[in-house]
Amino acid sequence: MSNNSAGGLVSLQKNVKQLRFEAGIRRIKVSQAAADLKTFCLQNAHKDPLLMGVPSSDNPFRPPKSCALF
Amino acid sequence: MGEMEQMKKEAEALKTQIEAARKAVGDTDMASAASGVAPAPRVQLKTRRTLKGHLAKIYAMHWSTDNNLSSLSSIGVFRLMVSASQDGKLLIWDSHSGNKVNAVPLKSSWVMTCAYAPSGNLVASGGLDNMCTVYNLKTPVIKTVKELDAHTGYLSCARFLSDTEILTSSGDTTCALWDLETGKQKTVFLNHVGDCMCLSLSPDMNTFVSGACDSLAKLWDIRDGQCKQTFQGHTSDINAISFYPSANAIITGSDDCTCKMYDLRADQEVISYQDAALNSGVTSLALSMSGRLIFAGYDDFNCNIWDSLKGEKVGVLSGHDNRVSCTGVPEDGMCVCTGSWDSFLKIWN
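The model shown is predicted, which means the values in this text are computed figures rather than measured ones. (Residues numbered from 1 in each chain as written. Chains lettered and ligands numbered in written order. Predicted model: local features only at pLDDT ≥ 70, side-chain atom pairs only at ≥ 80, totals over all residues. Heavy atoms only, no water.)

A. Local environment of the overall build of chain A. Along the backbone of chain A there are 3 helices and 0 strands. Overall, chain A shows an N-to-C arrangement of helices and strands of α-α-α. Of the roughly 4700 Å² that chain A leaves accessible, carbon and sulfur atoms contribute 57%. (Helix = DSSP H or I, 4+ residues; strand = E, 2+ residues; numbered from the N terminus. Areas by Shrake-Rupley, 256 points an atom, 1.4 Å probe, with all protein chains shown as cover.)

Next comes the structure, spelled out in structure tokens:
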């Protein structure tokens, strides 16, 4: 961090410029955002193996089948 | 001097304006909005594989998105992953068999991150050497293809956009986009005032988010380098960050022992995942395919599973004998991998 006033001023100007940019963005209501998130989650739930559980027949990590040799 | 005072006043006024704008749209929170949603089922996952091979703490892991059509028989199978340990090695694992496919010795053993390129051709690592080293896995002998050297602080995270571009975050408080053909930085992302600890690419790869020791998360435009949005709320370092699969929200994990969801379009925190009994920092996080489940690794050796909509803890992965340092869910969502300072990786589903 610069101690001299010129460096401090430039840094402040950058900060103000950034804040102006962020202040200007469009925001939607949280209720709308939350509703969309909920919909996305619920619509994709059936495709989510960790949520639905993986049947052992489809589970590539299932315990290896034992092989009996007679 | 007068101008500086004016600038400071303007900065304060803008901050107040932003807070007011957020409040104006803050008509509810995620948990309230999801009160009618059926609770997620109690999630009880079993360890399917324990991957033994590293000789020291594991710091990072990353799943490949390559579906390996040529090398393995099954189509659409996502099974390879890379892990990094301070034993000075990257190991490439076939998670299905549990076998090691490749070992990459590192010049510097102080590794903090590793990444798999979407093509499956390249991996990258970096850490206290301040560099990001890229390796080609497909040459007859694994070769170093580039050493990306420009950061003035440790490399905390790296993510490939393609075989020609990679994003890095650093303890020098910057993130950077590199051209892998020239080995030079194309864009430097400047705005954090603390070490950058983590980053996550948006699904469409036009933006990314970073988390830092200034307790802020920031959204960046990859092409023009602009910081678009800043998210506050955490009270300590943000160690982990991920885009939600819908791309409209992000999840963060912090040393303040909480995870949070921030919605990008509402520009604010919409839910916090916390429990009075939890007083360990969050080190890592990964989401299930629908985003419903958050797998968060903690310093207390566990990985807690959170319902992202309702904010409730729905399960725990216990089994490591030391801090869980990294977690990852592959693109097909079939399992979750945890890596630990106990030197093991575990695959659960």
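Continuing now.
B. How the structure looks around helix α2 (residues 30-44) of chain A. The first and last C-alpha atoms of α2 of chain A sit 21 Å apart over 15 residues, in line with the 21 Å expected at 1.5 Å per residue. Taken together, the buried positions of α2 of chain A are occupied by Val 30, Ala 33, Ala 34, Leu 37, Cys 41 and Asn 44 of chain A. Taken end-on, α2 of chain A shows its buried residues confined to a sector of 110°, consistent with a single buried face. Looking at the buried side of α2 of chain A, the elements it contacts are α1 (2-25), α2 (30-33), β19 (249-254), β20 (259-263) and β21 (268-273) of chain B. (Expected span 1.5 Å × (residues − 1). Buried < 20%, exposed > 50% of the residue type's maximum accessible area, 1.4 Å probe, protein only. Arc of directions from axis to C-beta. Contact = heavy atoms within 4.5 Å.)

C. Looking closely at the sheet that holds strand β17 (residues 227-231) of chain B. Residue and element names in this part refer to chain B. Reading across the sheet, the 4 strands line up as β14-β15-β16-β17 and stay open at both edges, with antiparallel pairing between neighbours. The open sheet has two free edges, formed respectively by β14 (196-201) and β17, since each of these has just one partner strand. Neighbour-to-neighbour, the strand axes of this sheet turn through a mean angle of 20°, independent of strand direction. Summarising the sheet, β14 and strand β15 (residues 207-212) pair through 5 bridges and their orientation is antiparallel. Its bridge partner lying in β15, Leu 199 is registered against Ser 210. (Pairing = 2+ DSSP bridges. Axes fitted to C-alpha atoms, helices over the stretch in contact; angles between N-to-C directions.)

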